[in-house]
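Structural features, examined
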Amino acid sequence: MSVVNGPLGDASFFDDAERGIQKLKASGHTTQTVQSEANNPAQWKTNVESVSTGKWDVVVVGSSQMVDIVDAAAKKFPNQKYVIYDDAPKTLPANVASIQFKQNEGSFLVGVLAALVTTNKDKFPNATGNAKTVGLVGGMDLPVINDFVVGFKKGVESVDPSVQVKVSFVGNFTDAQKGYDQAKAMFDQGADVVYQVAGGAGIGVLKAAKEAKRYAIGVDSNQNDLQPGFILASMLKNIGEGIVTAVEAADGGKLEYGKVTSYGLANKGVGLTFEKNGNIVPADMQAKINDLAAQVASGKITVPTVVA
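Residues numbered from 1 in each chain as written. Predicted model: local features only at pLDDT ≥ 70, side-chain atom pairs only at ≥ 80, totals over all residues. Heavy atoms only, no water.

**Remarks on the nonpolar core**
Which entries qualify depends on this criterion: Definition of nonpolar core: a set of buried residues of the types Ala, Val, Leu, Ile, Met, Phe, Trp, Tyr and Cys, connected through side-chain atoms within 4.5 Å. Remark: exposure states derive from per-residue accessible area (1.4 Å probe, protein chains only) relative to the maximum for the residue type, with buried under 20%, exposed over 50%, and partly exposed in between. Helix and strand assignments follow DSSP, with helices taken as H or I runs no shorter than four residues and strands as E runs no shorter than two, numbered in order from the N terminus. It only takes one pair of heavy atoms within 4.5 Å for two residues to be counted as in contact.
Counting residues in each nonpolar core, the largest one holds 62 residues, and the members touching the most others are Tyr 85, Leu 113, Tyr 195, Leu 232, Ile 243 and Leu 272. Here the element with the most residues in this core is helix H4 (residues 103-118); it accounts for nine residues. Aside from chain neighbours lying at most four places away, what touches Tyr 195 is Ser 107, Val 110, Gly 135, Leu 136, Val 137, Phe 148, Phe 152, Ile 217, Gly 218, Val 219 and Met 235.

Shown next as structure tokens:
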């Protein structure tokens, strides 16, 4: 059972989680996904509690916005098992397992790419390089989103500390028009690249890149072909695969409830994909970024984080 605190169709966070649920279904699991209205916490709570009757072996719930709801439900329904992805209560109840992702590590690679673009306009026809500026549009001012921000800034700085980084927040993960407006403002101010970490709202960021004839970078799912020629890469958080791994571990009695399992570059929980991007990033730059990914994975490079 999967409870989503919003609708599917964001081509990003929720859709990637659903890919995991569908993979479990294809392997023989009985599954169901309950969607919700966006920005309706009362409904989210009702939906979680309604499926916590013990009918389902595991209830899968995700995002920072669901932490308190899962915490309360786990205490109210101690016999129900839960998997929460992308965040967790500070003190995990004994019937909750958490899977989290090192988005700071993947975003470090994004920052490197963005800085390379704005400082190498000869290799990127849509970049002006005039302002040496890049941007990030986040969904909400939350720790998990700020973890993207600090990783992104560190990646930019590692290439050229003089590159300016603009950051703004939509205020939700659904308002694509506001995502578009914020990205457009950044492009108007000289940004060559804007990284979207805003879920469904980020679809507007990708559209703004095309209309401004600049570049965007996608998130969570591979969004490279949504605006062909204008999306450099996508930072994958392999949420769906994390859910599959957790549920299969639960099946075998090996899932550790009350604990957090982290996925980063070292265990392929995050990564930067150039597939379906029309080969707009030169091979030598891709190789450089892949080398940096290996250095982060090995511990040679440490990326700052705001998530404990």
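From this point, things continue past the structure.
**As for the packing of helix H1 (residues 13-26) against helix H8 (residues 239-251)**
The condition is simple: Axes, fitted as lines to C-alpha atoms, cover a helix only where it is in contact. Angles between the N-to-C directions of the axes lie from 0 to 180 degrees. Crossings are assigned a handedness: left-handed for a near helix turned anticlockwise from the far helix by less than a right angle, right-handed for a clockwise turn. Just so you know the grouping, Ala, Val, Leu, Ile, Met, Phe, Trp, Tyr, Cys and Pro go in nonpolar, Asp, Glu, Lys and Arg go in charged, and all remaining residues, Gly too, go in polar.
Where H1 contacts H8, the axes come no closer than 7 Å and their chain directions differ by 40°. Of the two possible hands of crossing, H1 and H8 adopt the one that is right-handed. Only Ile 239, Gly 240, Glu 241, Ile 243, Val 244, Val 247 and Glu 248 of H8 make contact with H1, whose side of the interface consists of Phe 13, Asp 16, Ala 17, Gly 20, Ile 21, Lys 23 and Leu 24. Residues of the contact of H1 with H8, tallied by class, amount to eight nonpolar, two polar and four charged.

**Let's talk about the environment of Gln 286**
With respect to the helices, strands and loops of the structure, Gln 286 is situated in helix H9 (residues 283-298). Separated by 15 residues in the primary sequence, Gln 286 and Ile 301 place their C-alpha atoms 18 Å from one another. The contact partners of Gln 286, leaving out residues within four places of it in the chain, are Phe 274 and Val 281.

**Considerations on the layout of surface pockets**
Put simply, the rule is: Of the grid points, spaced at 1 Å and generated over the protein atoms alone, those admitting a 1.4 Å probe that cannot get out make up cavities, while open sets with protein on both sides within 12 Å along at least five of seven lines make up pockets; any residue with an atom within 4 Å of a point is treated as lining. Grid points are joined across faces, edges and corners, and a volume is the space filled by probe spheres set on the points.
Approximately 300 Å³ is the volume attributed to the second largest pocket. As for the second largest pocket, its lining consists of 22 residues, and the residues nearest its centre are Phe 13, Phe 14, Phe 173, Ala 198 and Gly 199. Every element with two or more residues in the lining of the second largest pocket is listed here: H1 and helix H5 (143-159). The leading source of residues in the lining of the second largest pocket is H5, at three residues. Looking at the lining of the second largest pocket residue by residue, the class counts come to 11 nonpolar, seven polar and four charged.

**Here we look at helix H2 (residues 41-50)**
What counts is decided by this rule: The directions considered for the arc are those from the helix axis to the C-beta atoms.
Within the sequence span of H2, burial applies to Trp 44, Asn 47 and Val 48. Seen end-on, H2 carries its buried residues on one side only, within an arc spanning 95°. Buried-residue contacts for H2 involve strand E1 (2-3), strand E2 (33-34), strand E3 (59-62), helix H3 (67-76) and strand E4 (82-85).

**Overview of empty space enclosed by the protein**
In total, this model carries one cavity of 30 Å³ or more according to the counting rule given. Residue lining of the largest cavity: Asn 5, Gly 6, Phe 14, Ala 38, Asn 39, Trp 44, Gln 65, Phe 173 and Thr 174, and that is the complete set. Residue classes in the lining of the largest cavity are distributed as four nonpolar, five polar and no charged.

**Quick look at unusual backbone geometry**
For residues other than glycine, phi is negative in most cases, and the peptide bonds are mostly trans. A positive phi angle, close to 70°, is found at Asp 220, a residue other than glycine. Here Asp 220 lies in strand E9 (residues 215-220).

**Points about the pairing of strand E7 (residues 164-169)**
The condition that has to hold: DSSP bridges decide pairing: two strands pair if at least two such bridges lie between them. The crossover handedness rule: strands pointing away from the viewer, path from first strand over the helix to second strand clockwise, crossover right-handed.
As paired elements, strand E6 (residues 133-138) and E7 share six bridges and run parallel to each other. Looking across to E7, one finds that Val 134 is bridged to Val 165. Tracing the backbone out of E6, into H5 and back to the parallel element E7 gives a crossover that is right-handed.

**Concerning the sheet that holds E7**
Within the open sheet, the six strands sit side by side as E7-E6-E8-E9-E10-E12. Their pairing is mixed. The sheet is open, and its two edges are formed by E7 and strand E12 (270-273), each paired on a single side. Here the average twist between neighbouring strands, direction ignored, is 15°. Both strand E8 (residues 191-197) and E9 contribute to a ladder of three bridges, which runs parallel.

**A look at the pairing of strand E5 (residues 96-101)**
The buried fraction of E5 amounts to six of the six residues, a majority that puts the element mostly inside the structure. Burial of the side chains of E5 extends over both faces: Val 96, Ser 98 and Gln 100 are buried on one face and Ala 97, Ile 99 and Phe 101 on the other. Strand direction decides the pairing type here: E4 and E5, joined by four bridges, are parallel. Bridge pairing in E5 places Ile 84 opposite Ser 98. Bridge count between E5 and strand E11 (residues 260-263): four bridges; the pairing is parallel. Pairing of Phe 101 across the sheet is with Tyr 263, part of E11.

**What to know about the pattern of salt bridges**
The cut-off we apply is this: Only one rule defines a salt bridge in this text: a Lys or Arg side-chain nitrogen within 4 Å of an Asp or Glu carboxyl oxygen.
Counted according to the given criterion, the structure contains 10 salt bridges. A salt bridge links Glu 49 to Lys 76, with the nearest nitrogen and oxygen atoms 3.4 Å apart. A residue pair is termed long-range when its members are at least 10 positions apart, and Glu 49 in helix H2 and Lys 76 in helix H3 qualify at 27 residues. Measuring nitrogen to oxygen at the nearest pair gives 3.0 Å for the salt bridge that ties Lys 184 to Asp 188. With Lys 184 and Asp 188 both in helix H6 (residues 176-188), this residue pair falls four residues apart, about one helical turn. When its relative accessible area of 37% is taken as the criterion, Lys 184 is described as partly exposed.

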